[in-house]
Amino acid sequence: MLTHLICVVLRERKFLKMSDNIFIVGAYEHPTRLATNKSVAQLHAEVAIGALEDAGLSKGDIDGFFCAGDAPGIGPLSILEYLGLDVSYSDSTDIGGSSPVAQVGHAMRAIRDGKCNVALITSAGRPRSEAGGAGDLTERPEYPESGFEVPYRAALAPSYAMCAQRHMHEFGTTSEQLAWIKVASSHHAQHNPNALLPNLVTVEEVLASPLISSPLHRLDCCVISDGGGAVIVACQEVAKSLNRPKIRVRGVGEAVGYTRGSDINLTTSAVRHSAKSAFLEANVTPEDIKYLSTYDSFTITVLLAIEDLGFCEKGQGGRFVADGNLISGVGRLPVNTDGGGLSSNHPAHRGGITKIIETVRQLRGEAHPAVQVNSCDLAVANGLGGMLDRRHGAATAILERIS
Amino acid sequence: MYIEDPNLRVPERTPETNVFWDAANEESLLYAKCSDCNKPHYYPRKVCPFCFSTSINFLKASGRANIYAFSLFSKGRPPYISAWVMLEEGVAIITNIIDCESDALEIGTPLQVVFCSVEGGQKVPVFTPRPVESAIK
């Protein structure tokens with residue numbers, strides 16, 4: 001314990017000058033999609049090692065740690081012990097799948113406050129091996145809403161499906177338009193050797209896939225995969241010392257959305273508020289953005305987020321996403337060039353970490369050449385998880401490449 | 001697809017919601033309304049989620065409602081219809097729609113509350129399409 005305290009004091013001396021500019025210096029996505037023979041904690045460790053290698057840092061450099069509910073144990077306690085990390089700051093904020101995106105913001109502020117210098121964010125799980133449906137996560141009897149949802153088996157897929165139905169009803173959005181979101185993701189996934197579903201699909205194939213929860217088809221739904229990822233957020237002094245492209249965290253916003261019954265609105269998400277906060281902090285507008293990674297648990301998740309981020313007017317999302325507009329090299333706004341959750345990876349039923357990682361790849365110029373966006377200097381990683389028609393969390397991070 | 005059995009589960013009672021479930025056993029559907037800000041809310045709580053007032057009344061709903069949104073969850077065992085229904089009293093609630101042909105439903109379809117017994121005898125409110133002649137005026 002004494003050693004630990006000395007370490008902390010030395011650290012504070014070393015970086016006495018707090019830096020305003022905060023950077024993502026490491027990013028790593030686990031290549032696995034099926035981890036039958038690994039534990040969840042082991043996956044967290046493997047992605048941590050991967051991100052450190054990517055950054056050119058070592059275990060002892062980490063002095064901040066961030067994880068969410070996918071990490072086994074109470075908050076960060078068990079996983080910190082498992083990893084044997086010696087940190088001066090930790091945070092286990094859980095707002096669902098977008099938690100890692102929110103934690104990029106928390107890490108930025110903790111570093112600015114001088115609480116840590118090198119923050120590791122991990123996210124990992126093995127729902128495919130454990131064969132657990134994401135819906136199970138919402139059915140805990142102690143939750144205050146459970147008495148009014150569990151009896152009705154108010155599950156995850158119908159939650160999103162009803163938002164899609166309302167969007168169709170209110171704005172004339174069609175299943176064909178939603179299908180274009182999957183088509184774009186499959187265009188990108190064909191270049192990702194680790195994608196779970198690397199095959200190109202057509203609008204017709206999406207519409208011909210079985211209805212899972214009307215009006216959503218099987219191909220409107222993301223994959224269930226094992227795996228995970230990690231990112232490392234660091235102060236300017238550390239970023240400068242590394243031989244990697246400089247990806248600055250320019251602004252991060254987060255928000256929670258829900259309904260109280262008499263104020264129900266299934267066509268606007270909490271992204272509206274997380275995006276507003278992030279764009280304000282970053283002092284840029286959606287027109288400036290070259291690339292978007294956005295949460296794609298279902299196609300409708302992407303459509304609502306694109307509207308709520310401000311890339312088009314509310315209700316125009318269907319028209320915006322159609323005809324390949326999200327395909328890199330084809331459309332106005334390349335989205336999820338790794339194939340996203342719809343075609344590549346949705347580890348631990350939580351896609352937030354993968355959104356940050358592909359955004360970093362794009363800004364570094366390290367995406368697959370077939371999907372790399374030209375002069376990609378400003379991009380958004382956006383998370384939107386939980387129950388879209390009810391309580392859900394959103395986080396928006398605006399990242400910038402500094403030349 | 002004809003949806004008959006919703007395969008309802010036993011609701012978790014709390015000291016806060018006993019009154020709701022006791023009323024359900026009498027085949028009354030209650031909803032919560034704040035007597036300070038006058039807004040109804042769902043799910044029912046003893047503190048108003050709009051204004052923090054603790055003056056909450058659990059009032060008897062007419063049982064008439066319209067579909068706000070629904071989804072046939074084909075993967076359910078058995079398949080079932082999840083729904084947000086708008087009570088006549090102006091508050092939307094999560095429920096199931098039963099005893100109906102799923103293809104016949106649309107947003108706005110008039111509904112009537114019915115009560116189904118679950119394991120242990122507790123009654124749970126669900127909804128079924130209402131004959132047109134008794135539609136909301």
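Here the structure is a predicted model, which is why all the values come from computation and not from measurement.

Enquirer: Just give me the short version of the overall build of chain A, but keep the residues and values in it.
Expert: Per the secondary structure count, chain A includes 14 helices and eleven strands. Rg of the C-alpha trace for chain A: 20 Å, near the compact-globule value of 22 Å for 403 residues, within the 12% margin. Across its three principal directions, the C-alpha atoms of chain A cover 60 × 50 × 40 Å.

Enquirer: Talk me through helix H4 (residues 99-112) of chain A; I want residue IDs and the actual numbers.
Expert: Residue and element names in this part refer to chain A. Over its 14 residues, H4 extends 20 Å from the first C-alpha to the last, a length consistent with the 20 Å expected when each residue adds 1.5 Å. Burial of H4 is extensive: twelve of the 14 residues sit out of reach of the surface. When we look at burial in H4, the residues that qualify are Ser99, Pro100, Val101, Ala102, Gln103, Val104, Gly105, His106, Ala107, Met108, Ala110 and Ile111. Glycine 114, located one to two residues past H4, shows a positive phi value of around 80 degrees.

Enquirer: Let's hear about the sheet that holds strand E8 (residues 246-257) of chain A: which residues, and what values?
Expert: Residues and elements named next belong to chain A. Spatially, E3-E2-E4-E7-E1-E8-E11-E10-E9 is the arrangement adopted by the nine strands of the open sheet, whose pairing is mixed. Since the sheet does not close on itself, it has two edges, and those belong to strand E3 (89-91) and strand E9 (291-294), each with one partner. When the angles between neighbouring strand axes are averaged without regard to direction, this sheet yields 25 degrees. Examined bridge by bridge, strand E10 (residues 378-386) and strand E11 (residues 392-402) share nine bridges and lie antiparallel to one another. The residue bridging leucine 384 from the neighbouring strand is alanine 394, located in E11. Sheet strands in contact with helix H10 (residues 271-282) are E8, E10 and E11, and its direction is about 150 degrees off that of E8.

Enquirer: So what's going on with the sheet that holds strand E2 (residues 30-34) of chain B? Residues and values would help.
Expert: Residues and elements named next belong to chain B. Taking strand neighbours across the sheet as the criterion, the three strands line up as E3-E2-E4 in an open arrangement whose pairing is antiparallel. The open sheet has two edge strands with one neighbour each: strand E3 (40-41) and strand E4 (56-60). The pairing of E2 with E3 spans two bridges and is classified as antiparallel. Bridge assignment links lysine 33 to a residue of E3, and that residue is proline 40.

Enquirer: Help me get a handle on the environment of phenylalanine 279 of chain A, residues and values and all.
Expert: Residue and element names in this part refer to chain A. Secondary-structure assignment places phenylalanine 279 in helix H10. Considering only alpha carbons, one finds phenylalanine 279 and serine 214, 65 residues apart in sequence, at a separation of 34 Å. Every residue in contact with phenylalanine 279, bar those within four places of it in the chain, is listed here: Gly251, Val284, Thr285 and Ile398.

Enquirer: So what's going on with unusual backbone geometry? Which residues, and what values?
Expert: Note that the residue after serine 214 of chain A, namely proline 215 of chain A, is joined by a cis bond; omega there is 5 degrees. Locating proline 215 of chain A in the fold gives a position in the loop between strand E5 (211-213) and strand E6 (216-217). Positive phi outside glycine occurs at asparagine 336 of chain A, with the angle close to 50 degrees. As for its placement among the helices and strands, asparagine 336 of chain A is situated in the loop between helix H12 (317-321) and helix H13 (340-344). Phi at asparagine 38 of chain B is positive, roughly 65 degrees, even though this residue is not glycine. With respect to the helices and strands, asparagine 38 of chain B occurs in the loop between E2 and E3.

Enquirer: Describe helix H6 (residues 156-171) of chain A, naming the residues involved and giving the relevant values.
Expert: Helix length check: H6 of chain A, at 16 residues, gives a terminal C-alpha distance of 23 Å against a target of 22 Å (1.5 Å per residue), a fit within 8%. Within H6 of chain A, twelve of the 16 residues are buried, which leaves it mostly tucked inside the rest of the structure. Each element contacted by the buried residues of H6 of chain A is listed here: helix H7 (175-189), E5, E6 and helix H11 (299-309) of chain A together with strand E5 (64-73) and strand E6 (80-87) of chain B.

Enquirer: Break down the confidence of the model for chain A for me, with residues and values.
Expert: Taken over all residues, the pLDDT of chain A has a mean of 94, while the share at 70 or more is 93%. Predicted confidence is poor over residues 1-16 of chain A, with pLDDT under 50, and the contacts of this stretch with residues over four places away or in other chains come to ten contacts.

Enquirer: Go over the interface of chain A and chain B, please, and point to the residues and values.
Expert: Contact with chain A, which involves 29 residues of that partner, is made by 37 residues of chain B. Elements that contribute at least two residues to the side of chain A that touches chain B include exactly H6 and E5 of chain A. No other element matches the seven residues that H6 of chain A contributes to the side of chain A that touches chain B. The residue makeup of the side of chain A that touches chain B, split by class, is 15 nonpolar, eight polar and six charged.

Enquirer: A description of the nonpolar core should follow, citing residues and the corresponding values.
Expert: Taken as a class, soluble globular proteins show a tendency for nonpolar side chains to be buried jointly. Counting 159 residues, the largest nonpolar core has Ile232 and Val233 of chain A together with Val85 of chain B as its most contacted members. Looking at this core, you find at least three residues from each of domain 1 (18-131 + 227-247) and domain 2 (143-225 + 250-402) of chain A. Those residues within four positions of isoleucine 232 of chain A in sequence are excluded, and the remaining contacts are Ile24, Val25, Gly26, Ala51, Leu52, Ala55, Leu57, Val118, Ala119 and Leu120 of chain A.

Enquirer: I'd like to hear about the domain arrangement of chain A, residue by residue, with values.
Expert: Residue and element names in this part refer to chain A. Domain parsing of chain A yields domain 1 (18-131 + 227-247) and domain 2 (143-225 + 250-402). Computed from C-alpha atoms alone, the centre-to-centre distance between domain 1 and domain 2 is 23 Å. Tallying the contact residues gives 30 residues for domain 1 and 38 residues for domain 2. Mapped onto the side of domain 1 that touches domain 2, the elements with two or more residues apiece are strand E1 (22-29), H4, strand E4 (118-125), helix H5 (127-130), strand E7 (227-235) and E8. Looking at which element gives the most residues to the side of domain 1 that touches domain 2, the answer is H4, with seven residues.

Enquirer: How would you explain the pairing of E8 of chain A if you had to name every residue and give the values?
Expert: All names here are of chain A. Most of E8 is tucked away, with nine of its twelve residues classed as buried. As paired elements, E1 and E8 share two bridges and run antiparallel to each other. Opposite phenylalanine 23, over in E8, you have arginine 248 as the bridge partner. The pairing of E8 with E11 spans eleven bridges and is antiparallel. The partner of glycine 253 across the bridge, within E11, is threonine 396.

Enquirer: Please give an account of the packing of H6 of chain A against H11 of chain A that cites residues and values.
Expert: All names here are of chain A. Relative orientation of the contacting elements H6 and H11 amounts to 55 degrees, with a least axis distance of 9 Å. By the criterion of interaxial angle, the relationship of H6 to H11 is oblique. By crossing handedness, the relation of H6 to H11 is classed as left-handed. For the pair formed by H6 and H11, the contact residues are Tyr160, Cys163, Ala164 and His167 on the first element and Ile300, Thr301, Leu303 and Leu304 on the second. Per-class residue counts for the contact of H6 with H11 are six nonpolar, two polar and no charged.

Enquirer: Please set out the pairing of E10 of chain A residue by residue, giving values where relevant.
Expert: Residue and element names in this part refer to chain A. Burial runs high along E10: eight of the nine residues are buried. Pairing between E9 and E10: four bridges, direction parallel. Following the sheet pairing, serine 293 is matched in E10 by alanine 381. Hairpin connection from E10 to E11: five residues lie between these consecutive antiparallel strands.

Conventions and cut-offs
Residues numbered from 1 in each chain as written. Chains lettered and ligands numbered in written order. Predicted model: local features only at pLDDT ≥ 70, side-chain atom pairs only at ≥ 80, totals over all residues. Helix = DSSP H or I, 4+ residues; strand = E, 2+ residues; numbered from the N terminus. Rg over C-alpha atoms; globule rule 2.2 N^0.38 Å. Expected span 1.5 Å × (residues − 1). Buried ≥ 20, exposed ≤ 12 C-beta atoms within 10 Å, placed from the backbone. Pairing = 2+ DSSP bridges. Axes fitted to C-alpha atoms, helices over the stretch in contact; angles between N-to-C directions. Contact = placed C-beta atoms within 7 Å. pLDDT = per-residue confidence, 0-100. Nonpolar A, V, L, I, M, F, W, Y, C, P; charged D, E, K, R; others polar. Core = buried A, V, L, I, M, F, W, Y, C linked by C-beta atoms within 7 Å. Domains from an automatic or database assignment. Parallel < 35°, antiparallel > 145°, perpendicular 65-115°, else oblique. Left-handed = near helix turned anticlockwise from the far one by under 90°.

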